[in-house]
Amino acid sequence: MNGAAEFFTTDTAAFLAGALGRTLWMTLLGCTLGFLLGGVLALVRRTRQPLLAPARLLAGLYVETFRRLPFLVILILVLFSVQAVAPGLSLLGIATIAVTLAATAYLAEIIRAGLDAVPRPQVEGAEVLGLSALDRLRFVVLPQAWGVILPPAAAFMVMFVKDTALASHLGVVELAFAGKILVNKGFSPTLGFGAVLVLYALVSWPLGRAAAHLEKKLVAPRHR
Amino acid sequence: MSLLDIAELSAGYGGNTILDGVSLTAERGDIVSLIGPSGSGKSTLLRVLIGLTPPTGGTVRIDGAAVDYADSAALKALRRRMSIVFQQFNLFQNMTALDNLTLAPVRTLGVARAEAEARGCDLLAKVGLADKAGAYPAQLSGGQQQRVAIARALAMQPEILLLDEVTSALDPERVGEVLDTIRTLAETGITMLLVSHEMGFVREISTKVVMMDAGRVVEAGPPASIFESPRETRTRSFMQAIIRH
Amino acid sequence: MIRLLALLWLLLAAPLLARDLAEIRASGTLKVGVNPNFPPMSSYGPGGVLQGFDVAVAQELGRRLGVKVELVPTEAASRVPFLVSGRIDLSLGALTITPERRALIDFSVPLHSESMGVITTDRVSAARWQELDRPGITLVNMRGNQSVSVLEELLPRPRRLLVDGNADTIRAIAQGRADALVENVDFFIGFTKNYPDVRWRVLPDPIFTAWCGVGLAKGNEPLRAAVDTALIAMHQDGTVNRLWQAAYGAAMTVPVGAEQLQRAASSGAGGYRFDWQPVLAALPYLAGGALISLQIALVAFAAGSIIGLAAALARLHGPSWAARTAGFYVGAITNTPALVQIFLLYYALPEVGIMLPGIVAVMLGLTLNAGGYLADILRAGIQSVRPSEMEAADVLGLSRLDKLRHVMLPHIVATVYRPLANFFIVLVLGSSMAALFGVEELTGRAINISTANLRTIETFAVTGLIYIALTLIASALLALAGRQLFRVRA
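All of these numbers come straight from a predicted model, not from anything done at the bench.

Trainee: Can you help me understand the packing of helix α5 (residues 142-154) of chain B against helix α6 (residues 172-186) of chain B in this one?
Mentor: For any two helices packed against each other, one specifies the inter-axial angle together with the distance between the axes. All names here are of chain B. Across the interface, α5 lies against α6 with an axial gap of 8 Å and an inter-helix angle of 20°. If you check the angle between α5 and α6, you find them roughly parallel. As for the relative orientation of α5 and α6, their crossing is right-handed in sense. On α6, the residues touching Gly143, Gln144, Gln146, Arg147, Ile150 and Leu154 of α5 are Arg174, Glu177, Val178, Thr181, Ile182 and Leu185. Classifying every residue of the contact of α5 with α6 by side-chain character gives five nonpolar, four polar and three charged.

Put into structure tokens, the structure is as follows:
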């Protein structure tokens, strides 16, 4: 069995750093895309036009479905269905799609709650002035919803850093899988997984603090 | 031809009728006050007129032309001629007083920003808030917010102004400043429909008073006749209940 | 919409996906699937470069076909699906030639033999493999391996433990989770070096011999002919044996002979068609797994609530050392993945002599994890009690119990009920992690049957629907209970 001396080498460090990079990449890209798509879904669900009723139904169905599937099941389903369309896509790309699909559903709900938090009279005030739906959103609703949306969205993203560990099952060499590979090479499981655990905490803890700080800053004073 | 002609207007949600065939007219320059107990449909009437609550029957004509409330283009045209001030002000919390005034003229009337701002400053000066252009709503008192809201409605240069219990949410000592603003406004000749519980003010300023109850018009007429010699018993009992307080 | 249609079309007409020889030659690269965790077949060497027998064979095939080789890491269970979808052109990774697989993919002539034997330790008293057929024995095996179903017939009595990787099998025996591995001894014996303290034994007589070939997508005849030609030449000029010797340090136990090198007849075009029958037939098995998922979630929720309540009280009202300890616990739990926490419990605790079965490690891990999150939820609940109302209760002279029952609990329940109900759903979904530790709950069973029936999309679509139904029922019951028992909306 390999000892601790062989563990603390630049090789291991570089290997873990690469894995950490993939963990962050999946989270960052997946959650950013998820935020944009979730925003679209939230807006679709807010519309009131009778013509858009099927779109509202689909958006609602999507959100309900993907919030009731284990991320592991989403990963496996995406792996086997996406590659039918794009067999050249890397496993990292496939995992990122899975993150996007899940994040879209959760962030759509967060964004919807934020938009709903803007009092109805604010929207009516804009409506009676003849502002178009887009202008109402851009000048009145979004500027006020932003402070309600951003903190939980940031917290969700920090949480998802940890959930991407399941992408190890696909064979994406992210942080959790990196730990497993090191242990399979013969390093002690305590050392291998312990190091990975510490790396997760080192990333997640400051990010979590930053998200909490953001919440204090945005929610307390409503005006500059 | 009346400027505003409301005929058999009805509205409600589900099986609940809130407006039950309301008819009334207003001539150019009229100041029409809607009075009556809570829940009589006064505020709903204003919300239907401005297109926030869809009517379930009847017609609204402006200069003889019927308004199609189901058509968004018609609504947009309507809101260029008619504006409303709410009980709760509904000022945009994320904008300064001046930005509240300029947003709609710039975005919907296509007025140049500099021109809109100059006009906005004028209007703020008219409501006595020239120094508050850069203030956010939360930094203003209720009375000041309501005066900004009136200025915002005027920025759209409406022919008809709707005022929905604009003093109800204010501290008693702030009511006077808002009523003064409306008095000044009345002298400009703008047509107004207002819902108010300030009976002295109603009697002083109105050209016409409309008594409503249970979604219907009980009686309408000049303030002197409604206040001193009401024909209907419902109006008389309402007046007595108010005077007793 | 167009993409959706394209997806449907491609799923229904998969034969179009695999690249034919002309396309591969035109692109200049041959995509070969190798198992990244399978030394000495293939594994990551120094600098993260794949090396081993399969890697050398792949390079040699590429050289003889005149194309560059791109190695695609492919876990055992993914080999057939990856071929069917065209993610890889060829699959190595000791792919045993079986009739079931022939229904979905094509094979080249054999590349090497696979001689099934027994790896065990001196803990187990058995001289021949037949003696392992008794109830007290646990056999470890890998999901997706052909030997799993064969063993069910040859050795029906022992219990089974299914794990995901080659290294995991030997680790399971070293840690005492299992007693023996019945597999190709050549492939697995290398891992025993990681556990020098264990007295390893290999039972003498092989159980049977099978043949492993290079896997290809169905109906790709020119490619198969080219690979066959190259492989036959590599056998005849000794290349295969030389590479085997280099990787294993010994000759192949049963060499590939001339009769194995007869070219198989073309199997005709096949391809992927949806077939829901296998998964529908397994519905009762999956439903049983759903119950186990629910059990895991319930245990973690109940036990986690107790830990969470203790941690919340310690942080709010405990002495400073207790508050700090609880704070550290909550911070450590909520800032690291549950999966890695369970990895530690499952793989690292045996180092200090504590061996937890998979389901216990998962339940314990999820409980500790839930405790951290529930502590935060419950703390917010306790803080929702208004001091002014407590003062009013004091003034009215209410007893401690009455204060708790009538003043504190209504606030706490109203604040925490909805977050608690949501967290329970999170736990039901999170219990799927148990699958990665050999627990046969819903996801575990889905992986089991999809590696056997090779109908992954169908199996997981149905599994997903079961999860949706499960959580919808749970949400509805929780909402009902909230209204009836606590008069809160959930």
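Trainee: Please clarify how the pattern of salt bridges should be interpreted in this entry.
Mentor: Pairs can form between side chains of opposite charge whenever their charged atoms are close. Summed over all chains, the structure comprises 34 salt bridges over all chains. Its salt-bridge partner being Lys218 of chain C, residue Asp106 of chain C comes within 3.4 Å of it at the nearest N-O pair. Taken together, the residues Asp106 of chain C in strand β7 (residues 105-121) and Lys218 of chain C in the loop between β11 (200-217) and α9 (221-236) connect sequence positions 112 residues apart. Connected through shared salt-bridge partners, Arg28, Asp63, Arg81 and Glu159 of chain B make up one network.

Trainee: I keep staring at the interface of chain B and chain A and nothing clicks. Help me out?
Mentor: A common way to state how big an interface is: give the accessible area lost once the parts meet. Each side of the interface is counted separately: chain B has 24 residues, and chain A has 19 residues. Taken together, the two surfaces of chain B and chain A that pack against each other cover about 2,000 Å², and 59% of this comes from carbon and sulfur. By the criterion of area lost to chain A, the three top residues of chain B are Phe92, Asn94 and Arg107 of chain B, representing 27% of everything that side buries. Counting across the chain B and chain A interface gives three salt bridges.

Trainee: I'm lost on the confidence of the model for chain C in this one. Help?
Mentor: Residues and elements named next belong to chain C. Chain-level statistics for chain C give a pLDDT mean of 85 and a share of 93% at 70 or above. Of all helices and strands in chain C, the one with the weakest mean pLDDT is helix α1 (residues 2-12) (49), whereas helix α12 (residues 283-317) scores best (95). Long-range and interchain partners of residues 7-16, a stretch whose pLDDT sits below 50, account for 21 contacts in this model, where long-range means more than four residues apart. In this model residues 266-271 is a low-confidence stretch, pLDDT under 50, and it forms 12 contacts with partners more than four residues away in sequence or in other chains. As a predicted assembly, this complex carries a pTM of 0.76 together with an ipTM value of 0.90.

Trainee: Can you walk me through the packing of aromatic side chains in this structure?
Mentor: Describing an aromatic ring pair means giving the distance of the ring centres and the angle of the ring planes. Residues and elements named next belong to chain A. One pass over the full model with this rule turns up 18 aromatic pairs over all chains. Centroid distance Phe35 to Trp146: 6.3 Å. Interplanar angle 80°. Geometry classified as edge-to-face. Of this pair, Phe35 sits in helix α2 (residues 10-46) while Trp146 sits in helix α7 (residues 133-163), and the two are 111 residues apart along the sequence. Residue classification places Phe35 among the partly exposed positions, given a relative accessible area of 21%.

Trainee: Help me understand the interface of chain A and chain C in this model?
Mentor: Facing 48 residues of chain A, the contacting portion of chain C comprises 51 residues. Interface area, chain A with chain C, both sides summed: about 4,500 Å², of which 68% is carbon and sulfur. The largest share of the area that chain A buries against chain C comes from Arg68, Phe80 and Asn184 of chain A, three residues that together contribute 15% of it. One can count one salt bridge joining chain A with chain C. One salt bridge connects Asp168 of chain C with Lys180 of chain A, and the closest N-O pair in it is separated by 3.3 Å. If you look at where chain A meets chain C, you find nine residue pairs in polar contact (both at pLDDT 80 or more). For the side of chain A that touches chain C, the residue count by class is 30 nonpolar, 12 polar and six charged.

Trainee: How should the environment of Gly52 of chain C be read in this particular structure?
Mentor: Residues and elements named next belong to chain C. Locating Gly52 in the fold gives a position in the loop between β4 (50-51) and α3 (53-65). Taking C-alpha positions, Gly52 is 53 Å from Ala323, a pair spaced 271 residues apart along the chain. Beyond its immediate stretch of four places on either side in the chain, Gly52 contacts Pro40, Met41 and Ser42.

Trainee: Help me out: how do you make sense of the sheet that holds strand β5 (residues 68-73) of chain C in this one?
Mentor: Note on sheets: strands pair through backbone hydrogen bonds, and any given pair is parallel or antiparallel. All names here are of chain C. Across the sheet, eight strands lie side by side as β5-β1-β6-β11-β7-β10-β8-β9; this open sheet has mixed pairing. Of all strands in the sheet, those with a lone pairing partner are β5 and β9 (159-163), marking the two edges. Between one strand axis and the next, the sheet turns through 30° on average, direction left out of account. With five bridges connecting them, strand β8 (residues 138-142) and β9 associate as parallel partners. When the bridges of β9 are listed, Met142 appears paired with Val163. Across the sheet, helix α7 (residues 166-174) lies against β7, β8, β9, β10 (180-184) and β11, angled at about 165° from β8, the strand it touches most.

Cut-offs applied
- Residues numbered from 1 in each chain as written.
- Chains lettered and ligands numbered in written order.
- Predicted model: local features only at pLDDT ≥ 70, side-chain atom pairs only at ≥ 80, totals over all residues.
- Heavy atoms only, no water.
- Axes fitted to C-alpha atoms, helices over the stretch in contact; angles between N-to-C directions.
- Helix = DSSP H or I, 4+ residues; strand = E, 2+ residues; numbered from the N terminus.
- Parallel < 35°, antiparallel > 145°, perpendicular 65-115°, else oblique.
- Left-handed = near helix turned anticlockwise from the far one by under 90°.
- Contact = heavy atoms within 4.5 Å.
- Nonpolar A, V, L, I, M, F, W, Y, C, P; charged D, E, K, R; others polar.
- Salt bridge = Lys/Arg side-chain N within 4 Å of Asp/Glu carboxyl O.
- Buried area = accessible area lost by both parts, 1.4 Å probe.
- pLDDT = per-residue confidence, 0-100.
- Phe/Tyr/Trp six-rings, centres within 6.5 Å; stacked < 30°, edge-to-face > 60°.
- Buried < 20%, exposed > 50% of the residue type's maximum accessible area, 1.4 Å probe, protein only.
- Polar contact = N/O pair within 3.5 Å; in protein donor to acceptor, adjacent residues only side chain to side chain.
- Pairing = 2+ DSSP bridges.

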